[in-house]
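Analysis of the macromolecular model
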Amino acid sequence: MKHIALLLLLVGVSLCASFGARLSPEMNASMVIKGKAKLLGLTTAKAKEAFCAVREVKIAADGCKGDEVPKPAPKGDVAEAEPTFGRLLAEKNAAVAVIQERGGIGDKDRAQHQAWVAAALAEASPAARSQLLKPVDPSLRLSSWFDLAGVLFLVGVVLIVTGALIARKVVKAEAMAEPSGEEGGARDFGELLIELSEAVEALAGQMGQMAAIEVVTVADMERIKVQVEALQVDSFERIVASRNRIQARLGIGGFAEVFGPFSAAERRINRSWSALVDQHWPEAFASVTKAALDLKTCQDTFERVSAKRA
Amino acid sequence: MRFAVNSPPEQPGAQAPYRELTFAAVSIGVVIGAVMTAAFVYVALKLGFSLGGSTVAAILGFAVLRGVLRKGSIIENNINQTVASGVNNASAGIAFTLPALFILGQNDPTIANFEVLPILLSALGGSFLGIVFIIPLRKQMIELERLRFPSGIAVATLLKSPGAGARQAKLLGGGFLIATLFHVSLERGIIPADLDIGGLIGLPQYAPIAIGVSFASIGAGLLSGKGGLPFVFGGILGWWVIMPAAVSMGWVPSAEELGVTAALAGEYESFITWDVGYFGMLRPLGIGILIGGALSGVIASFPAIRAALKGLSAASKSEGGSDEMSSTVLYAGIVLSYLVLFAAALLSSDEIGIGRGLLIAGVGTIWLALAGLIVAQASGMTDISPISGMSLIGVTLMFFLSGGNVVASIVLGVAVSIGIGQCADMMSDLKAGHLIGAMPKKQQIAQFAVAWVGVPVAIGVLYLLWGDGGGFGPDNPELSAPQGSALAAIIESLREGAAPLDKYVGGGGIGLALGLFPIGGLGVLVGLAMYLPFSITLTYGLGCAGNMVLQKKFGDRWLGNTLVPVAAGFIIGEALTSLTAVVVRLATG
C-alpha cells in the first residue's frame, strides 16, 4: 500500500506540476515577441562585435568596447509622449541609418559592417513590438491557463490527495502495530522513557554523592562527561528517532504535551555537558537534577495521555 | 584543579555563577554585529547577496571571550553569536528592499520625497515581530519536528569544540580546510563554479545535470540526510520532468516561431531554459507551492502550536518560571509591533488613510508570520532561505492593498524582509542553543534587546552610499544593487499590471495537497527546490545520499562523532572563505 501511495504521489505531482507550469496562450504569445526581440538583439550584438574586431577606422559613435560614448542629454522637465510602434520603429530605423551611413568602411570590414546593418534592421521591428508589450492581466492569465490545463491539473491534485490518504492510513497502522520487543526491533516509548529516566536519576544521585563526599576533580568531571555523552547518543537520540511513531500513537496534541518535557530534559543534559567542559560543576549537577525532574514530568504526562487515548 | 562545590557563594573558593547572559557577551556581540551590518550592506549592494553572521560571530566571540578575556563559557559565546547575527539581520532586509525606493525615485518625483521615519518604524516593527513569532514556533520546529538547521548544527559544533576532543577538532578542521581549498580554487578560476556534466554528454540546458562546487551545500545535505530527499525530488520534478515535458509537448515558443538560425541554437536553448522555463514557469510555480505547503503545515500543526501556547501560559505561572519568554510577551509584542507598522503605513504616504493603514499593517503582519514560518522551515530543512521570494510576495501584496502606492509597499516590504530574516536567524540560533543547553529565554531576551541596533546602522550606511544621488543602482557599475534593482523592475511591471497569478494559484493548490502527506514540510521542500537552479539542489542531494550511505555502513554513532564535525567544517570553511574573498575583492577594487 505504501508503494501505491508513493506511485500516486509521483504520478499526481508530475501531472499537476507539469500542467500547472504550462503558460496560457497570451503568455506564450508574449514570450514569442520577447524571444524574437532578444534573439535578434543577440544577433545584432554578435555582428557588431565581429565588426568591432576588424574595423579599419575607429569611430567613438560605433560604441565598441573601449570607445568613449558621449553621455546622453539629461531628460527635460517636459513629460514624454506615450510611445507608439511607429515612433519607436522610426527611432530604431534612424539609429540603423546612422550605422549604415558610417564612413571609413574599407574592404577588410565591409562584409562585417553589412552584416551588422542587416542584423540591426531585422531587429528594429521586433524590438519595437517588445518595448510596447503590455503585461497580461493576472486574472486573464489565471482563467486562460485554467481553460487550457485545468482539467489535467485537477486530476493530478486528486491523485496526490488519494495517495496522501492512503499513506496516512499506512503510517497510522504501522505506528499502532505492537512493538516486536526483540533485539533491534521497535521498543515501546514508555519502556525507553522509564529506562532513560532511571539512568538520569542514577547519574544525578551519583553526582550528588560525589559532591557530598569529596571535592570534585577535573578527572571526575571528564568521567561524568563521558556518561552524559552516552546518554545523549544511546538514549535520547533513540527516542528522538522514533518520534514519528510516537506522534502517530498519541496524536499531534498529545505528542506535543509529552515531547515538551522530554526535549527540556534533553536540553538540560546538553547544558550539563557544556558546563562540564567549562568545568562548572554546580551548573552541571543542577542541570542533571532538573533533567531528572523533567523526565518524571514526561512520564506522568505520557501515562495521562495514553490513558485518555485508550 | 579541585573545586569546593558545597561552599555557599559568599564563602571564598565558591564558584561564580555559570556565565550565560553577560554584559561582555552582549556588548561584544553588538560591536561585531554593527560592524558586520555596515560591511554586509555594502556587500549586498555590490554583489547582490548577503552573508550570514552566526559562524563569523561565533569564531570572533571565541577569540575574544575565551582567548583574550579568558572567561567565556560555551553558553556565553552562544549569546554573543545570537546577538551579533540578530543585529546583522537588518543588513539583508534593508539592502534587498530599500534601494528600490531610491532607484525608482530617480525617475519619479512622487516617489523621491519619501521620509526616513516610516522606514525606521517599519524596520523596527519587522525586527521585533520576527523574534516574537518565533516564540511559539520554537517548540514546534526544534523540539517536535526536529528540523536540522544545518548552520545551527555547524555553529553548535564550533561552540562545543573545546570539549569535543582532539579527534573531533581535527575532523572539524579537516572539513574546514577541504572546503576552503575548493572555494579558493573556485575564486581563482582554477575550477568552475558549476560542473556541467549534462553539457559534456550533450544534454540540453533545460534538462541539466550540473553540480555546483559548494561544500557548504554538500555539508548541509550531509547533515540533513534522508529528510532532505523531498528537496531533491522537487529539483528533479522541475528540471527532469516539467522542462523536458514542456519542450517536447510544444508548450514553449519553437525555434521556427522565433526565427532562430543554427548560429543562435545555444542562445535559443538559453532563452527557453531561463526566460521561459525558469522565470516564467518554475520559479513562480515554486513560490506558489512554497506558500501552499506552508499554509498546509500551519493547519496541520495548529494543535501543536495551540499546545505550545498553552504551555507558555502555564509555564510562566509555574514556580521557577519558564525556559522561554511568556505568552504575554508574545501577545504584547504582536500588538505593539502591529501598531508600529500601522504608524509606518500612515506616515509613508498622504494617500494612506486610517482604514487602509490598518489593513496594510494587518495583512503585512499576517504575511510576515506565514513567510517567517516558510523561511524558518525551509532553512531548517535545507539551510536555504527564500527570503527574496517571500519579500517579493510581501511587496506585491502591499502594492495591491495600498492601491498601487509604491512608497507604502516598499516601506512595509522592509518590515517583511527584516522580519522573516529574523525568524530564520533566531530559529537557527535557538537550534544551536538547544544542542549546547542554552536557555531559550535568555537567547530571546538578548536578541529582543539588540534587534533594533542594526536598523539605524543599515539605513545610515545606505544613505551614506547614496550620497547626493545615484550612489548605487543599475547605472552604477561599482554598486549596482542587484536585488534592489530587480525589485524596482518588478514594481514597475506591477504598476503595469503583471503578476503570475496562475502560477501562484496552481502552485498553492499543489502545495496544499502535498501538505496532506505524512512527510513533514513536503510542500515547502518541493516548492523551494523548484525555486532554485538545479545545480544547487543536486549538490545538496549528493550530500543527502552521502549521509544515507554512510549511515547504513557505519551507523548513527559514527555519524554523530565523525560526519557532523566534518560537515560543519565544510559549512564554516566556505562561509569564512566567501567572506574573506569578498573583503579582498573590495579592497583591491
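Details of the interface of chain B and chain A
Each partner contributes to the interface: chain B provides 76 residues, whereas chain A provides 77 residues. Summed over both sides, the interface of chain B with chain A buries roughly 6700 Å², with 66% coming from carbon and sulfur. Counting the surface chain B buries against chain A, the share from its top three residues, Tyr18(B), Trp251(B) and Phe517(B), is 11%. Summed over the shared surface of chain B and chain A, the result is five salt bridges. Remark: the boundary between chain B and chain A carries 21 residue pairs in polar contact (both at pLDDT 80 or more). Residues of the side of chain B that touches chain A, tallied by class, amount to 49 nonpolar, ten polar and 17 charged.

Regarding helix H20 (residues 501–514) of chain B
Quick reminder: α-helices carry 3.6 residues per turn. Residues three or four places apart thus point the same way. Taking 1.5 Å as the rise per residue, H20(B) with 14 residues should run 20 Å; its terminal C-alpha atoms sit 20 Å apart, in good agreement. For H20(B), the complete set of buried residues consists of Asp502(B), Lys503(B), Gly506(B), Gly507(B), Gly508(B), Ile510(B), Gly511(B), Ala513(B) and Leu514(B).

Re the state of the cysteines
Note: disulfide means a covalent bond formed between the sulfur atoms of two cysteine side chains. All names here are of chain A. For the structure shown, the criterion picks out one disulfide over all chains. The side chain of Cys52 participates in a disulfide bridge whose partner is Cys64; the two sulfur atoms lie 1.8 Å from each other. Its S-S torsion of about -75° marks the bond between Cys52 and Cys64 as left-handed, since a negative value means left-handed. On the criterion of sequence distance, the pair formed by Cys52 in helix H2 (residues 25–54) and Cys64 in the loop between H2 and helix H3 (85–100) is long-range, its members being twelve residues apart. The exposure class assigned to Cys52 is partly exposed, which follows from its relative accessible area of 21%. Given the relative accessible area of 5%, Cys64 is considered buried.

So, the side chain of Ser91(B)
All names here are of chain B. In this structure, Ser91 sits in helix H3 (residues 74–107). By relative accessible area, Ser91 is classed as buried at 1%. At 2.7 Å, the side chain of Ser91 forms a polar contact with the backbone oxygen of Asn88.

Focus on the pattern of salt bridges
Within the structure shown, the criterion is met by 21 salt bridges over all chains. One salt bridge connects Lys225(A) with Glu229(A), and the closest N-O pair in it is separated by 3.5 Å. In this pair, Lys225(A) and Glu229(A) both sit in helix H7 (residues 218–241), four residues apart, roughly one turn of the helix. The partner of Arg138(B) in a salt bridge is Glu143(B), and the shortest N-O contact between them spans 3.0 Å. Accessibility classification places Arg138(B) together with Glu143(B) in one group, the buried group. What you see here is one network of salt bridges that share partners, running through Arg271(A), Glu283(A), Glu20(B) and Lys442(B).

A short note on the confidence of the model for chain A
Counting all residues, the mean pLDDT for chain A is 85, and 90% of those residues have values of 70 or more. This model gives residues 180–186 of chain A a pLDDT under 50, and the stretch forms four contacts once residues within four places in sequence are excluded.

Topic: the packing of helix H8 (residues 243–277) of chain A against helix H16 (residues 406–436) of chain B
Between H8(A) and H16(B), the least distance of the axes is 6 Å, while the angle of their chain directions is 70°. Regarding the angle of H8(A) to H16(B), the classification is roughly perpendicular. Residues Ser263(A), Glu266(A), Arg267(A), Asn270(A), Arg271(A) and Ser274(A) of H8(A) form the contact with H16(B), whose own contacting residues are His434(B), Leu435(B) and Ile436(B).

Let's talk about H2(A)
Taking 1.5 Å of rise per residue, the 30 residues of H2(A) would be expected to cover 44 Å, and the 44 Å separating its terminal C-alpha atoms lies within 8% of that figure. Along H2(A), the residues that are buried comprise Met27(A), Asn28(A), Ser30(A), Met31(A), Val32(A), Gly35(A), Ala37(A), Leu39(A), Thr44(A), Ala47(A) and Phe51(A).

Here's the deal with the packing of helix H5 (residues 116–144) of chain B against helix H18 (residues 454–466) of chain B
All names here are of chain B. Where H5 meets H18, the axes come as close as 10 Å, and the angle between the chain directions of the two elements is 140°. The orientation of H5 relative to H18 falls into the category oblique. The crossing of H5 and H18 is right-handed. Side by side, H5 and H18 meet where Val116, Ile119, Leu120, Ala123, Leu124 and Ser127 of the first sit next to Val455, Ile459 and Tyr463 of the second.

Quick notes on the environment of Val240(A)
Mapped onto the secondary structure, Val240(A) falls in helix H7. Among the residues examined, Val240(A) registers a relative accessible area of 11% and is labelled buried. With 18 residues separating them in the primary sequence, Val240(A) and Glu222(A) have C-alpha atoms 26 Å apart. Setting aside anything within four residues of it in sequence, one finds Val240(A) in contact with Phe259(A), Phe262(A), Glu266(A) and Arg146(B).

Conventions adopted
- For every chain, the first residue of the written sequence is number 1, and numbering continues from 1 onward in sequence order.
- Each chain gets a letter, beginning with A, and each ligand a number, beginning with 1, in the order they are written.
- The predicted origin of the model limits local features to residues at a pLDDT of at least 70 and limits the giving and counting of side-chain atom pairs to 80 or more, whereas totals for whole chains, interfaces and linings rest on all residues.
- Hydrogens and water molecules were not included; the side-chain quantities draw on all heavy atoms of the structure.
- Working rule for contacts: check all heavy atoms of both residues, and any pair within 4.5 Å makes them a contact.
- The term buried area means the drop in 1.4 Å probe accessible area that two parts suffer when joined, counted for both and summed.
- Any carboxyl oxygen of Asp or Glu within 4 Å of a side-chain nitrogen of Lys or Arg constitutes a salt bridge here.
- Any pair of N or O atoms that falls within 3.5 Å is considered a polar contact. Within protein, one atom must be able to donate a hydrogen and the other to accept it, and sequence-neighbouring residues count only if both atoms are side-chain atoms.
- Under the convention adopted here, Pro, Cys and the residues Ala, Val, Leu, Ile, Met, Phe, Trp and Tyr are nonpolar, Asp, Glu, Lys and Arg are charged, and Gly plus all remaining residues are polar.
- Helix and strand definitions here come from DSSP, where helices need a minimum of 4 consecutive H or I residues and strands a minimum of 2 consecutive E residues; each element is numbered from the N-terminal end.
- Take the residue count of a helix, subtract one, and multiply by 1.5 Å to get its expected span.
- A 1.4 Å probe rolled over the protein chains alone gives each residue an accessible area, and that area as a share of the maximum for its type sets the label: buried under 20%, exposed over 50%, partly exposed in between.
- Cysteine sulfur atoms are paired as a disulfide whenever they come within 2.5 Å of each other.
- The quantity known as pLDDT measures the predictor's confidence residue by residue, on a range of 0 to 100.
- Orientation is described by axes fitted as lines to C-alpha atoms, over the contacting stretch for helices, and by angles from 0 to 180 degrees between their N-to-C directions.
- The scheme is simple: roughly parallel for angles under 35 degrees, roughly antiparallel for over 145, roughly perpendicular for 65 to 115, oblique for anything else.
- In this scheme the crossing of two helices becomes right-handed for a clockwise turn of the near helix relative to the far one and left-handed for an anticlockwise turn of less than a right angle.

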